[in-house]
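Understanding the architecture of this molecule
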6 protein chains.
Amino acid sequence: MTPLLPPDQSAQTLIQALPYIREFSGKTIVVKYGGNAMIDEGLKRAVMTDIVLMRYVGINPILVHGGGPEVSEAMRRMGKEPAFIGGLRVTDEETMEIVEMVLAGKTNKNIVAHLNREGGKAVGLSGKDANLLVAQKDTRRGDIGFVGRITDVDPGIIHTLTAAGYIPVISSVAIGSDGESFNVNADTAAGALAAALGATKLILMTDVEGLYRDFNDKASLLSEMTTGEVDAMIASGAADKGMIPKLEACLDALDGGVERAHIIDGRRPHALLIEVFTDSGIGTMIR
Amino acid sequence: MTPLLPPDQSAQTLIQALPYIREFSGKTIVVKYGGNAMIDEGLKRAVMTDIVLMRYVGINPILVHGGGPEVSEAMRRMGKEPAFIGGLRVTDEETMEIVEMVLAGKTNKNIVAHLNREGGKAVGLSGKDANLLVAQKDTRRGDIGFVGRITDVDPGIIHTLTAAGYIPVISSVAIGSDGESFNVNADTAAGALAAALGATKLILMTDVEGLYRDFNDKASLLSEMTTGEVDAMIASGAADKGMIPKLEACLDALDGGVERAHIIDGRRPHALLIEVFTDSGIGTMIR
Amino acid sequence: MTPLLPPDQSAQTLIQALPYIREFSGKTIVVKYGGNAMIDEGLKRAVMTDIVLMRYVGINPILVHGGGPEVSEAMRRMGKEPAFIGGLRVTDEETMEIVEMVLAGKTNKNIVAHLNREGGKAVGLSGKDANLLVAQKDTRRGDIGFVGRITDVDPGIIHTLTAAGYIPVISSVAIGSDGESFNVNADTAAGALAAALGATKLILMTDVEGLYRDFNDKASLLSEMTTGEVDAMIASGAADKGMIPKLEACLDALDGGVERAHIIDGRRPHALLIEVFTDSGIGTMIR
Amino acid sequence: MTPLLPPDQSAQTLIQALPYIREFSGKTIVVKYGGNAMIDEGLKRAVMTDIVLMRYVGINPILVHGGGPEVSEAMRRMGKEPAFIGGLRVTDEETMEIVEMVLAGKTNKNIVAHLNREGGKAVGLSGKDANLLVAQKDTRRGDIGFVGRITDVDPGIIHTLTAAGYIPVISSVAIGSDGESFNVNADTAAGALAAALGATKLILMTDVEGLYRDFNDKASLLSEMTTGEVDAMIASGAADKGMIPKLEACLDALDGGVERAHIIDGRRPHALLIEVFTDSGIGTMIR
Amino acid sequence: MTPLLPPDQSAQTLIQALPYIREFSGKTIVVKYGGNAMIDEGLKRAVMTDIVLMRYVGINPILVHGGGPEVSEAMRRMGKEPAFIGGLRVTDEETMEIVEMVLAGKTNKNIVAHLNREGGKAVGLSGKDANLLVAQKDTRRGDIGFVGRITDVDPGIIHTLTAAGYIPVISSVAIGSDGESFNVNADTAAGALAAALGATKLILMTDVEGLYRDFNDKASLLSEMTTGEVDAMIASGAADKGMIPKLEACLDALDGGVERAHIIDGRRPHALLIEVFTDSGIGTMIR
Amino acid sequence: MTPLLPPDQSAQTLIQALPYIREFSGKTIVVKYGGNAMIDEGLKRAVMTDIVLMRYVGINPILVHGGGPEVSEAMRRMGKEPAFIGGLRVTDEETMEIVEMVLAGKTNKNIVAHLNREGGKAVGLSGKDANLLVAQKDTRRGDIGFVGRITDVDPGIIHTLTAAGYIPVISSVAIGSDGESFNVNADTAAGALAAALGATKLILMTDVEGLYRDFNDKASLLSEMTTGEVDAMIASGAADKGMIPKLEACLDALDGGVERAHIIDGRRPHALLIEVFTDSGIGTMIR
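Residues numbered from 1 in each chain as written. Chains lettered and ligands numbered in written order. Predicted model: local features only at pLDDT ≥ 70, side-chain atom pairs only at ≥ 80, totals over all residues. Heavy atoms only, no water.

The number of helices and strands found in chain A is nine helices and 16 strands. In terms of overall dimensions, chain A is globule-like: its C-alpha atoms have a radius of gyration of 19 Å, near the 19 Å expected for 287 residues. Principal axes of the C-alpha set define a box for chain A whose edges measure 60 × 45 × 35 Å. Looking at chain A as a whole, 60% of its 287 residues are labelled buried. Considering only contacts in chain A between residues 6 or more positions apart, those separated by 24 or more positions represent 71%. (Helix = DSSP H or I, 4+ residues; strand = E, 2+ residues; numbered from the N terminus. Rg over C-alpha atoms; globule rule 2.2 N^0.38 Å. Buried < 20%, exposed > 50% of the residue type's maximum accessible area, 1.4 Å probe, protein only. Contact = heavy atoms within 4.5 Å.)

Shown next as structure tokens:
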């Protein structure tokens, strides 16, 4: 536990957050939660308090999560070896069942319990609930099974929950037209939700500091980019492969009316609060 | 598919349901869904349409489910042999994780998807969501791990959802004071919810016709009992062991203000509709 | 009393109505009630239960009625011989007073009492109440007295009543600019109301099976027509004279945004339910 | 038309009404409308403007009416001679039908049309609408047919209408448990409604100046009485026979929580306004 | 105290006001209160009752006031001599402080107390409250200190207050971008508010009868003018200098959507009521 | 300007405030603002930001202020020498006028402008507005003029304003039964308001550290007292004279249902935030 600041400095700090509280009061912020911040217990707790605090100061935070490592671990326990093609999990029917059990039954409820313990009122959903995320088979990289592309978002249930003070936590599973489940990328889901909700911000928590002009030069971190620059980075091949779905999620969100998208370093404790409530923007902001 | 009735007879049948529609319009009915009706695809679909119809005619149906067989199967796939003491599953930490994944991640979302396909707007919850079901360790039969006894119900999220037209589907997992998960009996959870919601009816779907005066004499089916008679049946040892948690759930609900509790035969297609919308009460009604 | 179906078939029948309940839930359906269905006690009771059922499953039914035979009978009892020109009642001041007394004071309240007995909450109105139907003298067939042409509909009172769960029952009397009463055609009034309310359906109950391609060939019943075909039928003179105001009411309603208009056979018990809740559309549907 | 006052005096007069407008703003006043004020065209128009004005200054006026003379006239036109026993109309089935047609179909709608012409939004009801007035046979004076005694008032529809700005106009017809109609005394109906609505005032419009200590001495007009004094007046036989139902209506209303009951002289133009908005209480006030 | 009219004439007078009550019910009327009507105790009380009466009959009156003479008197008591340039008060910082104390602390609260005594629920505001009136330095006549030109009106607080039944009373002080106070012309403020509120009428109370075609010929009073005529009057120099800000306030209001602007003679008791509730429009109406 | 903390520490500080934000979210806190915190520009700005922050995190802060020094200064500028008897200002009519002008017209609007500049939506009121504070002459210390004792609080306007997001700022002037103004003690007014509003906390800002067991021993500061101990302190004469009205205000508030009353040191920057949002309670808490 961090030693307490003297009370006068604490008060001063609260006051420095006031302009940001004012700015985001009543606004919706969609956070893709993932990476180390989901594994390290200390980081996890920090994220949970950050989210609860955001809710108490009048912001509507929406949490979206995947959970790759936990899925792979559960698969192995069930005697199945995970396989990936082009970064996407090969998802046969049995794998899809495991994905859904892990994401909606374990990871999701675990996050919910943590938020409630910090004083939030969280409700966990998958994209199947109230047809929140509708998808169809993603065949862009051939047939790799129940991997889905989001075709529709019905944000009604999110509005119902946030109006009543709840914090929605959404696992990246979508529903198909025959009621089947699809595994969807959590960054993409977060971007689609942010657009459908008219969110003010989309924040993707990653395990990198942000985007670099030159990936090999850690000193070339970009604190701000335009959508044009992101397009160019993707087109030029300069973007890291693993970063591409995140960049596309940001572009989709901005294209759908979201004001700003952020790629932040989830390894830093309270990265969310620092991004939202201080002058020190962190990571890369795209607009 | 059942052959269609001539339209005039169809109309006549609708009219015969009118007094029941009038009676239950605006009321809450908690249904414990389980047994064969959860396994047989035809029965399952019948239950789903029954629930959606209830919602459309102005009733607030609440579905509570367990999922024992699916849990045992998943355990075996993960190389764990299920064990039971006095009918309760021995639930170590790893088992609890599997219980929760299966109930909240697979069974629950499967029911939700089915309801939505029939035109409902279903939302799946576990007892962890919004602290709906709070439990502590049940030590009445010694320490058998994460088996819980419900100590508190916070029905706020259910009111939020039903007021907005959603059908809540609740898996029988509760939250402990340290955020840990507890496996709770689904009949008991349904009874506790019915009481907390001020429900009009509690309906437990089983794989028997109802209660018998003499368990060995199928002709002694009891269509109606008082709580006093149920107390006596339990005290005398005449009640079937597996039936006792169901009877206790009924007594708790009635004690908590629910008007009527029903033990019905889920093996009969549309048993719910028959119970709610026709003269032919089925199974055993307790009041 | 029709013998009861076995409960399983009853349940099946309710389920078959579900898609229709879903479709019309929250929608407004204007029904012109008249003919034999208003005279025969059995048919009358069937219509009343049909209307109450519609209300309970979430539909807003609006009933509009005339009452020619009762008016003529009352006139004769008062020593006045009814007279008609071109199908329209010659309506001097004294006749108008009788028309209004019979429609608003007898027929209307009789329907209201029947609906309330079946469990509805009905409220009877004439077009004078809250200036619901405003008319001016209809001189298209010369001066035949207080026969009116509707010039304005103020649906405010209908919205107030349906929002509070009431079933409005409206007699076909309108108000003139000097507060005088006008006798208006009930089919026309129903059509005008359906348009003003943005109703989904207009249903005219008649004493015929529907429209025939050839009026003398009962086998030529048309189950569906377009507005163009109806226009043509009127222009060609093929339409039965008594049917023309009904057809015009349908065209006016469709023109005003109503989705479908139906001419159904009120002599068939529960014709309304059959039309609304079964696959077997009956009579003629115009769109 | 009364000559206009100079504008300064008009303003002064409005100001003198202010304390009364303040006092009754948001309150309910039930007015039994009858006698000469219902026959004389000038008086009638004055009552209508008074009622509309009351509504515009924030009062909820409720009008209740009978219509004896019009009923008798209609009966004679239909060849039936009116008969009375103890002041109550002998009401066989045919008479009841005529009573209802005249009151609900003619008198009621006529009042509604007048109020609407003065700028009100009036809605006419009989006691059958929404089961507003429920009655059973009144056998206190032997069997004189469909004369009813009010046993229940369901004021729901009145609250719906007044909340939406409408002026309810109610004819003195009640509904029996089998849906049959009953002729009820309009003063009694007004008193029962005033109690059920928690009205502030009940005002009975009559053709006398008020109550007299000595009926033969016009100088003995009583401007104020207590309920005890009214009880005594009835017990002593000093009360005029025709006045007794009015006095009983007042006592019932006061007993039911109404603050004041007034018997006023409807022959005086704008008697309502004078009673409600000026210092000059007129007639007899009972409390 | 004016002698009371006979009650029948009082009633008649109320009725004559009914068409005006109907017309303005629910509408907003902005009144600039000033001149003799603010000094003479009898006139003052008459204005207060007029405003309270307007509120009780469903109008939303908004009162705007300045208070020049009281300011000058307070300045002299504090040893400062008032100075004016082109009709505008030279307003150094100390003067501004006195202006604000007198208007917002004395005049405003005095009006509020008077309205409350007459039964109103008044709330006093200055343009600083909730940033109601925002201004910047008016340099059109050189630098004469804290004299402001209104640049923005935020009517939110007015809507909050009127929806809850309060009568807003607003002193003519505005706020600058650095939180400093500005002295603004009360007529101008009233016009700007009327436009921002979508008022139906703007009424300026003055110490003249109205506008004259020829200022020296009292017989040339104009009862009605168009905005074009007012423009011409200003352009031609025919308008009295002191009248120009009033005329401009009227033009601004009409330009902003207000239906009618009135310049009335506040020296006449109840001039407001006479203008609003009688046939005798007084003063000059511009549209 | 305090140097900024490193962002990580800022985030940590925000998190440490979370339990307090949770606790007071939706609660009402009445703050008596006075002393040095009202004079020193730095302290003033700190208080304003503290109040705005409280509002943004969901608390309803209500500010009550007096303004003695400014009143005395204005009196002297008008050539009147302030006089006091037993700590109360001798308040003749002219003095009362100055008190009101200064408090309601200068101090109040100045606070409002400051709050709005920090992003609040503040509305200034005196006790005269909407009859918020009603008083009668306080004769407990003889006749010292328009010094009042609060007899009634009508908190309606406060509820209207806080529900719409406004911050009410109230000057300590009350209204008498004849509309006259009374000078009331601001601490007392704050206590009475806290009780009438069912506030959670009353906080009195003073120029002392809190209460001392022994006034001469600065080391004997009491961090917590019970109402019994406060009663005893007053009875024993140990309480500082100037402190007595503050202690009585606290007792009145606690007696009226307020949970805690605090006497804090307004000379410390952000004393409000420190008290409300940190572990370090400051000053003396009474319960």
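On we go from here.
Moving on: the packing of aromatic side chains. Two measures describe an aromatic ring pair: the distance that separates the ring centres and the angle between the ring planes. For the coordinates displayed, the defined rule picks out six aromatic pairs over all chains. Geometrically, the ring pair formed by F146 of chain D and F182 of chain D is tilted, given 6.0 Å between the ring centres and 45° between the ring planes. Highlighted residues: F146 of chain D in the loop between β6 (133-137) and β7 (148-153) and F182 of chain D in strand β10 (residues 181-183), separated in sequence by 36 residues. For F182 of chain D, a relative accessible area of 4% gives the class buried. In this structure, K121 of chain B is placed above the aromatic ring of Y166 of chain B, and the distance from its NZ or CZ to the ring centre is 4.5 Å. (Phe/Tyr/Trp six-rings, centres within 6.5 Å; stacked < 30°, edge-to-face > 60°. Lys NZ or Arg CZ within 6 Å of the ring centre and 35° of its normal.)

The subject of this paragraph is the sheet that holds strand β1 (residues 28-33) of chain B. Residues and elements named next belong to chain B. The strand order β5-β8-β2-β1-β11-β15-β16-β14 describes an open sheet built from eight strands, whose pairing is mixed. Single-partner strands in this sheet number two, and they are β5 (122-126) and β14 (224-225). Where β5 meets strand β8 (residues 167-171), five bridges bridge the pair, whose relative direction is parallel. Bridge assignment links G124 to a residue of β8, and that residue is V169. (Pairing = 2+ DSSP bridges.)

Residues and elements named next belong to chain D. Relative orientation of the contacting elements helix α7 (residues 227-236) and helix α8 (residues 244-255) amounts to 145°, with a least axis distance of 11 Å. Here the hand of the crossing between α7 and α8 comes out left-handed. Where α7 approaches α8, its residues T227, V230, D231, M233 and I234 are matched on the opposing element by L247, E248, L251 and L254. Residues of the contact of α7 with α8, tallied by class, amount to six nonpolar, one polar and two charged. (Axes fitted to C-alpha atoms, helices over the stretch in contact; angles between N-to-C directions. Left-handed = near helix turned anticlockwise from the far one by under 90°. Nonpolar A, V, L, I, M, F, W, Y, C, P; charged D, E, K, R; others polar.)

Taken as rigid bodies, chain A and chain F are interconverted by a rotation of 180° and an axial shift of 0.0 Å, the fit giving an RMSD of 0.0 Å. Here the transformation between the copies is reduced to the relation of a two-fold axis. Of every C-alpha in chain A, the one belonging to V57 of chain A sits nearest the axis of rotation, 2.1 Å from it. (Least-squares fit on C-alpha atoms with pLDDT ≥ 70 in both.)

The next thing to look at is the relation of the copies chain E and chain D. It takes a turn of 180° to lay chain E on chain D, together with a shift of 0.0 Å along the axis; the resulting RMSD is 0.0 Å. A symmetric contact is evident, with 100% of the interface residues of chain E recurring at the interface of chain D.

Right, let's talk about the side chain of T28 of chain A for a bit. Within the secondary structure layout, T28 of chain A lies in strand β1 (residues 28-33). The residues touching T28 of chain A, leaving out its near neighbours within four places in the chain, are N60, I62, L197, A199, T200 and K201 of chain A.

The next thing to look at is helix α8 (residues 244-255) of chain A. All names here are of chain A. In this model α8 runs 16 Å from its N-terminal to its C-terminal C-alpha over 12 residues, within 8% of the 16 Å that 1.5 Å per residue would give. The complete set of buried residues in α8 reads K246, L247, A249, C250, L251, A253 and L254. Of the residues flanking the end of α8, it is G257, one or two places downstream, whose phi is positive at about 110°. (Expected span 1.5 Å × (residues − 1).)

Moving on to unusual backbone geometry. Although it is not a glycine, H270 of chain A adopts a positive phi angle of roughly 60°. Position of H270 of chain A among the secondary structure elements: in the loop between β15 (260-265) and α9 (271-277). Of note, the phi angle at N131 of chain C is positive, near 50°, even though the residue is not glycine. Structurally, N131 of chain C can be placed in the loop between β5 (122-126) and β6 (133-137).

Between chain A and chain F, the residue contacts involve 37 residues of the former and 37 residues of the latter. Between chain A and chain F, the buried area comes to about 3300 Å², and carbon and sulfur atoms account for 71% of it. Counting across the chain A and chain F interface gives zero salt bridges. Applying the counting rule to chain A against chain F returns four residue pairs in polar contact (both at pLDDT 80 or more). Secondary structure elements with two or more residues in the side of chain A that touches chain F: α1 (7-24), α2 (41-56) and α9 of chain A. If you tally residues by element for the side of chain A that touches chain F, the top one is α1 of chain A, at 14 residues. (Buried area = accessible area lost by both parts, 1.4 Å probe. Salt bridge = Lys/Arg side-chain N within 4 Å of Asp/Glu carboxyl O. Polar contact = N/O pair within 3.5 Å; in protein donor to acceptor, adjacent residues only side chain to side chain.)

A separate point is the environment of G68 of chain C. All names here are of chain C. With respect to the secondary-structure elements, G68 resides in helix α3 (residues 68-77). A relative accessible area of 32% means that G68 is categorised as partly exposed. For the pair G68 and V102, spaced 34 residues apart in sequence, the C-alpha to C-alpha distance is 9.3 Å.

What follows is about the interface of chain E and chain D. The interface is formed by 37 residues belonging to chain E together with 37 residues belonging to chain D. Carbon and sulfur atoms make up 71% of the surface buried where chain E meets chain D, a total of about 3300 Å² over both sides. Where chain E meets chain D, there are four residue pairs in polar contact (both at pLDDT 80 or more). Counting residues per element, the ones that place at least two in the side of chain E that touches chain D are α1 (7-24), α2 (41-56) and α9 (271-277) of chain E. The element best represented in the side of chain E that touches chain D is α1 of chain E, accounting for 14 residues. For the side of chain E that touches chain D, the residue count by class is 19 nonpolar, 12 polar and six charged.

Let us look at the confidence of the model for chain A. Summing up the model confidence of chain A, the mean pLDDT is 93 and the portion of residues at 70 or higher is 99%. Across the interface, the model reports ipTM at 0.94; the global pTM reads 0.91. (pLDDT = per-residue confidence, 0-100.)

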